[in-house]
Amino acid sequence: MTKTTLKILIIILTITTSSCKKELETILEADYKVIEIDYGFDNYKKNIRDKSEQFIIKERNLVIIDVDKNGQIKIKNNFVEDSLITSELKKYIIPNPENNQMPMTIEGEFEYSGKVIMNKNLMIMAKFNEELDYKKYSGIRNKIYLSFNEARNDFSMEKFNKTLEELTKSTEQNDVMKWKELREIMPIRYTEILGEK
């Protein structure tokens, strides 16, 4: 990770933070700390802040996608072909507790999903070169979101025997609750920055 990328990341994380707890409840030492994530305009208007737990990011939980002006892609400093972005990102999105190079995991218990292993505070950050063609940018961004949707669809099929689309379009209360659980188990935490020329 370059110094510029690290500085930009710290600025982004600082902007999204609102307050700090003086003591952490865990002994886990953070590489980065974010106090508020998904703090939207509605929360700002209502002055709502979640003070329950800090969002701790370990280096292994931060997946950096670096895209140069020609559309060459590096994920965690490894070159990846455009056609393999989705499958490569799914390796990080789908929890893998046996591999200590992959994001950290925790166990959660849910009403419909039961006990599941889930990533703890996975964050994906894409750094796009400002000279990158918009069409390439849009295609890469779509593949990033596709990786989340494919991982969620796989989980939905395994746990609920329904596709992601079936869950999201259903009006049945059970399906609505399953979709809510799925978003909690596999949240989309993704941010973008512009890199220098």
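For the structure itself, consult the block above.
Residues numbered from 1 in each chain as written. Predicted model: local features only at pLDDT ≥ 70, side-chain atom pairs only at ≥ 80, totals over all residues. Heavy atoms only, no water.

K.L.:
What's the story with the packing of helix α4 (residues 134-160) against helix α6 (residues 173-185) in this structure? I'm lost.
P.N.:
A pair of packed helices is captured by two measures, namely the crossing angle of their axes and the spacing between those axes. Two numbers describe how α4 lies on α6: the axes approach to 11 Å, and their chain directions differ by 130 degrees. In terms of their interaxial angle, α4 and α6 are classed as oblique. When the axes of α4 and α6 are compared, the crossing they make is right-handed. Taking contact as the criterion, the partners of Arg152, Phe155, Ser156 and Phe160 in α4 are, on α6, Lys178, Trp179, Glu181, Leu182, Arg183 and Ile185. Here the residues of the contact of α4 with α6 are counted per class, giving 5 nonpolar, 1 polar and 4 charged. (Axes fitted to C-alpha atoms, helices over the stretch in contact; angles between N-to-C directions. Helix = DSSP H or I, 4+ residues; strand = E, 2+ residues; numbered from the N terminus. Parallel < 35°, antiparallel > 145°, perpendicular 65-115°, else oblique. Left-handed = near helix turned anticlockwise from the far one by under 90°. Contact = heavy atoms within 4.5 Å. Nonpolar A, V, L, I, M, F, W, Y, C, P; charged D, E, K, R; others polar.)

K.L.:
Got a minute to help me understand the side chain of threonine 86 in this structure?
P.N.:
Among the structural elements, threonine 86 can be located in helix α3 (residues 85-93). Excluding its chain neighbours within four sequence positions, the residues that come into contact with threonine 86 are Lys143, Leu146, Ser147 and Glu150.

K.L.:
Help me understand the nonpolar core in this model?
P.N.:
Side chains that are nonpolar tend, in soluble globular proteins, to be buried together. One finds Ile65, Ile75, Leu89, Ile124, Phe128 and Ile144 to be the most contacted residues of the largest nonpolar core, which totals 33 residues. The element best represented in this core is α4, accounting for 7 residues. If we skip the residues at most four places from it in the chain, isoleucine 65 touches Ile73, Lys74, Ile75, Leu89, Ile124, Met125, Ala126, Lys127 and Ile144. Core analysis: the next-biggest nonpolar cluster, separate from the first, contains 5 residues, Leu62, Met123, Met125 and Ile193 among them. (Core = buried A, V, L, I, M, F, W, Y, C linked by side-chain atoms within 4.5 Å. Buried < 20%, exposed > 50% of the residue type's maximum accessible area, 1.4 Å probe, protein only.)

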